[in-house]
Amino acid sequence: MSDVLDRPPAAPKLDVVGTRPIRPDGADKVTGRAAFGADFAMPGMLVGKIKRSPHAHARIVAIDTRKARALAGVKAIVTAADFPDLASEEYEGGESASNLRDISLNCMARDKVLYDGHAVAAVAATSSAIADEALALIEVTYEVLPHVIEVEAAMAPDAPLLNAKQFTEGLDSPPGRPSNIAKRNQLARGDLAAGFAAAEVIVEGRYTTAAVHQGYIEPHACVAAFGADGQCQVWSSSQGQFMVRTCCAKILGLESADIRVTPAEIGGGFGGKTTVYLEPLALALSRQSGAPVKMVMTREEVFRATGPTSGAVIYVKLGATRDGRIIAADVELKYQAGAFPGSPVGAGSMTALACYDIENFRITGWDVVTNSPKVAAYRAPGAPIAAFAVESAVDELALKLGADPIALREKNAVRDGLKAAYGPTYRNIGYVETLEAIRDHPHYQTRLGPNQGRGVAVGFWFNVGGESTAAVHVNEDGGAVVVTGNPDIGGSRVSMAMMAAEVLGLPVEKVRPIVADTAAIGFSMLTGGSRTTFATGMAVTQAAQKIVADLKRRAALTWDTAVENVEWRGGSAWYLDPAKPETKPLSLAELAAQSARTGGPLSAEVSLNAQGAGPGFAAHICDVEVDPETGHVTILRYTAAQDVGRAIHPAYVEGQIQGGVAQGGGWALNEEYVFDAEGRMENAGFLDYRVPVASDLPMIDAVIIEVANPRHPFGAKGVGEVPIVPPLAAVANAVRAAIGVRMTDLPLSPPKIRAAIDAR
Amino acid sequence: MSKRHVSATVNGDPAEFLCDPGVTLLDALRDELGLTGSKEGCGSGDCGACSVIVDGRLVCSCLMLAAEAQGRRIETIEGLAQGGALHPLQQKFLEHAALQCGFCTPGLLVAAKALLDVNPDPSESETRYWLAGNLCRCTGYDKVIRAVMDAAADLRQERRA
């Protein structure tokens, strides 16, 4: 008997995971058929638009909508008076917590406007031109107040107050008066004073980063229809249809069961579409008018009223022994939150020293409200800002010690079994492996020319698990459908299909993944925190495993044997009884065709709260050339190594790494919010807010390191966020090497570089 | 103000629509002709998501008035695939995973088509500068550039054969 039936393979070889199939939603996206937020239309649809504050800070004295209402073609006008005045309530969406009252007030200002672009009213009209005319006819009387945008200015005791009821949380003693500082957080270990006293080398610096926008190319868009029976439908581009449902229900005072949200294809988010801006307004306008309402932001609105992430000031002091052991670190982070509390300074604090094993440290974070748009999550929220400062300081330390920057990081690296600065003990991390990968990469050995420099930096991101639901349905011909509730922001559908195909033993082309609306699949947290491939992938895998268990049971039933005698392999059930070697295996298609006789349709759904998302580490090398005449910095070469656990679809993993590097490069070199003296954004367009273009960048070498995460069925860790963490410092450290001056204020724009060169 | 009547050739077929004089070609394509493959990312000619080819020239359709399309030959993303067969650029974008969210992809493909129409053998540098008017925030451009150059190589092979 030489039949393979006798010898099932001990460890299953992976047939699909790790390959590079074409994504199942690809053809629609290269032919223009994919329907994004603004591509959906309904009969009788109205155009909704928003009246926005021209002031950075003002009291709303009165809003007179009478003239606008009288205009022919205007069907609805809403202001804050049309929404319930919500009590404070925390909401955990999947990446970071928000407060529903703040989300509501950010969608529509009540009593006060807190930034240039803050919504004060919305109209729905029969045409775009009429809606524009109506906006101009709405008369808002403001009492303009002094404003404050810069973070340290907002922390000053005499700063204009955004919210007179806000008292700083997290202080040692309760504050006696209100403040723009919403919260202080602290992390500490060891004896800081003793650590610095023992240090033989100390570096110290103040670093600043500018507010930057996620810069997704698709502006926010939605269509909302409020039915006469109270049943609501929303089609919108977001990172989470369930998040949209929850926010709309709370902000409008509706039942979740009365709102069905269908996710459109999403044209980029990077964290910026983890909240709502338009959907509640569109529903309110639809309720008042009785017609569906479409709202699409302009690019200017996207810049003025959505995102960005914090501008920040960071102080870093490091103390080390002469042989390169970092023994003390003091990090203070001050982050703009924008109009409402909730900057990512907590995550910035927790990630700041996460790559380092340091005996004595203190990390202090300040969350500060400012008269600028409420910050939204942006790829590894908070971490790139902290890493810019810490990694610049470590670079300074390496220079002062005369040490190789990679060797210095290896010497102080966190490893398995060590307690992270933010609390937990590391298990199965691949950080040192990423350092070794860049150390041994040919890039690190190449020689540089004049005006060129090389920088190294590392980064960390937690990665997130959380609540996900997935269903797998087997079709009558033996193919399968995978249903999840997570918008596909960068190729996650194909990863879901691959994991299901792997378990079922099907070619990936036979598995059709779809992203379902809120009424068609169980709850899932939004796509964010690098959680989808990990957590939703786990749900998909478990649902497919349930199907396989069911298939084995049905095969056993067919063969009239115990299920222990059945093995699932290569998409078929195999009869393991050596006494009956002639038994032909039963394929998935055969079992599906006879499902009516074995118990009905083959279908499984799994809901879980995934734990154990393995943290992500990355180590980057960047070469730049600085033009001494113009101060312009060109990125010549870039190598990024990252531990991804297990790459489900390596091409999309590389894509995440390359995209994160490009965004980080823009943050380092070009991008910033510029405000005028009145607090109005001066560069609210892609011409003046310059994101990297193809000619700004070289090829980006993504080096995939795989240290498996045992908590995921295939070993995956989140990959999307950590690649944006090191680039800010990698670029700045390269510029330091090129011009011999430490640049501490982002972006490293040509005028700043020129000034630094002139002053050296 | 009364609407203008516009006749043009869109993706090889005659097309007619009515538009207000101030309406952009992008809005007319999307709202009047139902060709929503061209995207609006900025409305100011900075992002290239609305790229179309007009009489052989690459333009941002958000910067052109619909009324100016009278008598012109317009190619949009919807016309790139021929009879259900993907254009080599489309195929290479899929094979190289040169798209993530896919929103900028139609504009990038149309711009790349315009490049290969005039330069069948572009260098990496030429490709990067030609596509510098098309913002992509997801990919870092690496796989986009590889896909375009790979498609160019295939097309050259096809022509020789």
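Bear in mind the structure is a predicted one, so any value in this text is a computation, not a measurement.

Novice: A description of the overall build of chain B should follow, citing residues and the corresponding values.
Specialist: Scanning chain B from N- to C-terminus turns up five helices and five strands. In chain B, the succession of α and β elements from N to C terminus is β-β-α-β-β-β-α-α-α-α. Taking 2.2 N^0.38 as the reference for a compact globule, 161 residues should give roughly 15 Å; the C-alpha atoms of chain B span a radius of gyration of 16 Å, in line with that estimate. Viewed in the frame of its principal axes, chain B has a C-alpha envelope of about 50 × 35 × 25 Å. A separation of at least 24 residues holds for 58% of the contacts in chain B among residues at least 6 apart in sequence.

Novice: Explain the overall build of chain A residue by residue, including any values.
Specialist: Along its length, chain A carries 21 helices and 28 strands. Radius of gyration (C-alpha) of chain A: 28 Å, near the 27 Å computed for a compact globule of 760 residues. Dimensions of chain A, computed from the C-alpha atoms along their principal axes, are close to 85 × 75 × 50 Å. Split into buried and exposed, the 760 residues of chain A put 59% on the buried side. When contacts within chain A are restricted to residue pairs at least 6 apart in sequence, long-range pairs at least 24 apart make up 80% of them.

Novice: Break down the domain arrangement of chain A for me, citing the residues and quoting the values.
Specialist: All names here are of chain A. Domain boundaries in chain A define domain 1 (4-34 + 465-610), domain 2 (38-146 + 218-305) and domain 3 (424-463 + 614-759). Measuring from the centre of the C-alpha atoms in domain 1 to the corresponding centre in domain 3 gives 37 Å. Contacts between the two partners involve 17 residues from domain 1 and, on the opposite side, 20 residues from domain 3. Of all the secondary structure elements, the ones that give two or more residues to the side of domain 1 that touches domain 3 are helix H15 (492-504) and helix H16 (532-559). When residues in the side of domain 1 that touches domain 3 are grouped by element, the largest group, five residues, is from H16. In the side of domain 1 that touches domain 3, the residues fall into six nonpolar, nine polar and two charged.

Novice: Quick rundown of the interface of chain A and chain B? Include the residues and the values.
Specialist: Facing 42 residues of chain A, the contacting portion of chain B comprises 42 residues. Ranked by residue count, the leading element in the side of chain A that touches chain B is helix H19 (residues 650-669) of chain A, at eight residues. Tallied by class, residues from the side of chain A that touches chain B come to 21 nonpolar, 15 polar and six charged.

Novice: Tell me about H16(A), and please be specific about residues and values.
Specialist: With 28 residues, H16(A) should reach 40 Å at 1.5 Å per residue; the first-to-last C-alpha distance of 39 Å fits that figure. Positive phi appears at Asp560(A), one or two residues downstream of H16(A), with a value of about 55°.

Novice: Tell me about the confidence of the model for chain A, and please be specific about residues and values.
Specialist: Taken as a whole, chain A shows an average pLDDT of 96; of its residues, 98% reach a score of 70 or greater. Here residues 1-11 of chain A is a poorly scored stretch, pLDDT under 50, and it has nine contacts once near neighbours within four places are set aside; other chains count.

Novice: Describe the pairing of strand E26 (residues 616-626) of chain A, and please don't skip the residues or the numbers.
Specialist: Residues and elements named next belong to chain A. Buried residues dominate E26, accounting for eleven of its eleven residues. Burial along E26 is two-sided: the residues Gly616, Ala618, His620, Cys622, Val624 and Val626 and Phe617, Ala619, Ile621, Asp623 and Glu625 are all buried. As defined by bridge partners, strand E18 (residues 452-461) adjoins E26 across ten bridges and the pair is classed as antiparallel. Directly across from alanine 457, in E26, lies its bridge partner histidine 620.

Novice: Before we move on, can you summarise the sheet that holds strand E6 (residues 112-113) of chain A with the specific residues and values?
Specialist: Residue and element names in this part refer to chain A. Taken in spatial order, the three strands of this open sheet run E6-E2-E8, and their pairing is antiparallel. Of all strands in the sheet, those with a lone pairing partner are E6 and strand E8 (139-144), marking the two edges. The pairing of strand E2 (residues 58-64) with E6 spans two bridges and is classified as antiparallel. Across the sheet, the residue bridging to alanine 58 is valine 113, located in E6.

Novice: Describe in detail the sheet that holds strand E20 (residues 480-484) of chain A, supporting the description with residues and values.
Specialist: All names here are of chain A. Taken in spatial order, the four strands line up as E21-E20-E19-E25 in an open sheet, and their pairing is mixed. At either end of the open sheet lies a strand with only one pairing partner, and these are strand E21 (511-515) and strand E25 (603-610). Adjacent strand axes in the sheet meet at a mean angle of 20° when their direction is disregarded. Of the strands in this sheet, strand E19 (466-474), E20 and E21 are in contact with H15, which crosses E21 at around 140°. Each of E19, E20 and E25 touches H16; the most contacted strand, E25, lies at about 145° to it.

Novice: Account for the environment of Pro106(B), naming residues and giving values.
Specialist: For Pro106(B), the location among the structural elements is in helix H3 (residues 105-118). Exposure remark for Pro106(B): the 32 C-beta atoms within 10 Å place this residue in the buried category. Counting along the chain gives 57 residues from Pro106(B) to Ala49(B), while the straight-line C-alpha distance between them is 6.8 Å. Leave out the neighbours within four places in its chain, and Pro106(B) touches Gly32(A), Gly37(B), Ser38(B), Lys39(B) and Ile77(B).

Novice: Break down the confidence of the model for chain B for me, with residues and values.
Specialist: Averaged over all residues, the pLDDT of chain B equals 97, while 99% of them reach at least 70. In the predicted assembly, ipTM is 0.98 and pTM is 0.97.

Novice: Any chance you could break down the domain arrangement of chain B for me, citing the residues and the numbers?
Specialist: Many analyses report the size of an interface as the accessible area lost when the parts associate. All names here are of chain B. Along its sequence, chain B is carved into domain 1 (4-79) and domain 2 (88-160). Measuring from the centre of the C-alpha atoms in domain 1 to the corresponding centre in domain 2 gives 21 Å. Each side of the interface is counted separately: domain 1 has 14 residues, and domain 2 has twelve residues. Broken down by element, the residue count for the side of domain 1 that touches domain 2 peaks at three residues, all from strand E3 (residues 51-54). Residues that form the side of domain 1 that touches domain 2 fall into these classes: seven nonpolar, six polar and one charged.

Novice: Go over helix H4 (residues 128-137) of chain A with me, naming the residues and quoting the values.
Specialist: Of all the residues in H4(A), the buried ones are Ile130(A), Ala131(A) and Ala134(A). One face of H4(A) carries all of its buried residues, which in axial projection span an arc of 100°.

Novice: Can you explain the pairing of strand E11 (residues 221-226) of chain A? Please cite residues and give values.
Specialist: Residue and element names in this part refer to chain A. The buried fraction of E11 is high, at six of six residues. Of the two faces of E11, the one carrying Ala221, Val223 and Ala225 and the one carrying Cys222, Ala224 and Phe226 are both buried. By the bridge criterion, four bridges tie E11 to strand E14 (residues 293-296) in an arrangement that is antiparallel. Bridge assignment links cysteine 222 to a residue of E14, and that residue is methionine 295. With five bridges connecting them, E11 and strand E12 (residues 232-236) associate as antiparallel partners. Paired with alanine 224 across the two strands is valine 234, which belongs to E12. Between the antiparallel neighbours E11 and E12 lie five residues, among them glycine 230 with a positive phi of about 85°.

Novice: Before we move on, could you go through the nonpolar core and cite the residues and values that matter?
Specialist: Side chains of nonpolar character tend, in soluble globular proteins, to be buried together. Residues and elements named next belong to chain A. Counting 311 residues, the largest nonpolar core has Val123, Leu281, Leu353, Ala500, Val731 and Val735 as its most contacted members. The dominant element in this core, judged by the number of residues it contributes, is helix H11 (residues 383-401), at eleven residues. Those residues in contact with valine 731 that lie beyond four places of it in its chain are Gly455, Cys622, Val624, Ile635, Gly665, Ala668, Leu669 and Leu748.

Novice: I'd like to hear about the environment of Pro373(A), residue by residue, with values.
Specialist: Residues and elements named next belong to chain A. If you trace the backbone, proline 373 turns up in the loop between strand E17 (360-369) and H11. Here proline 373 falls in the buried class, since 28 other C-beta atoms lie within 10 Å of it. Along the backbone, proline 373 and aspartate 416 are 43 residues apart, and their C-alpha atoms lie at a distance of 40 Å. For proline 373, the residues in contact, after removing those within four places along its chain, are Tyr115, Gly117, Arg304, Ala305, Thr306, Gly307, Pro308, Gly338 and Ala339.

Novice: Describe the environment of Ala618(A), with residues and values.
Specialist: All names here are of chain A. Looking at the secondary structure, you find alanine 618 in strand E26. Look at alanine 618 and you get buried, because 36 C-beta atoms sit within 10 Å. Sequence separation of alanine 618 and glutamate 204 is 414 residues, and the distance between their C-alpha atoms is 24 Å. Contacts of alanine 618, omitting those with residues within four sequence positions, involve Thr434, Val458, Gly459, Ala640, Ala641, Gln642, Val722, Pro723, Val725 and Pro726.

Novice: Which residues make up unusual backbone geometry, and what are the values?
Specialist: Residue and element names in this part refer to chain A. The omega torsion across glycine 307 and proline 308 is -25°, close enough to zero to call that bond cis. Along the chain, proline 308 falls in the loop between helix H9 (299-305) and strand E15 (312-320). A cis geometry characterises the amide bond from leucine 746 onward to proline 747, with omega recorded as -5°. Despite not being glycine, phenylalanine 270 shows a phi value in the positive range, around 55°. Of note in this structure, asparagine 428 is not a glycine but carries a positive phi near 55°. With respect to the helices and strands, the residue asparagine 428 is situated in the loop between helix H12 (405-411) and helix H13 (431-439). The exposure class assigned to asparagine 428 is partly exposed, which follows from the 17 C-beta atoms found within 10 Å.

Thresholds applied
- Residues numbered from 1 in each chain as written.
- Chains lettered and ligands numbered in written order.
- Predicted model: local features only at pLDDT ≥ 70, side-chain atom pairs only at ≥ 80, totals over all residues.
- Helix = DSSP H or I, 4+ residues; strand = E, 2+ residues; numbered from the N terminus.
- Rg over C-alpha atoms; globule rule 2.2 N^0.38 Å.
- Contact = placed C-beta atoms within 7 Å.
- Buried ≥ 20, exposed ≤ 12 C-beta atoms within 10 Å, placed from the backbone.
- Domains from an automatic or database assignment.
- Nonpolar A, V, L, I, M, F, W, Y, C, P; charged D, E, K, R; others polar.
- Expected span 1.5 Å × (residues − 1).
- pLDDT = per-residue confidence, 0-100.
- Pairing = 2+ DSSP bridges.
- Axes fitted to C-alpha atoms, helices over the stretch in contact; angles between N-to-C directions.
- Arc of directions from axis to C-beta.
- Core = buried A, V, L, I, M, F, W, Y, C linked by C-beta atoms within 7 Å.

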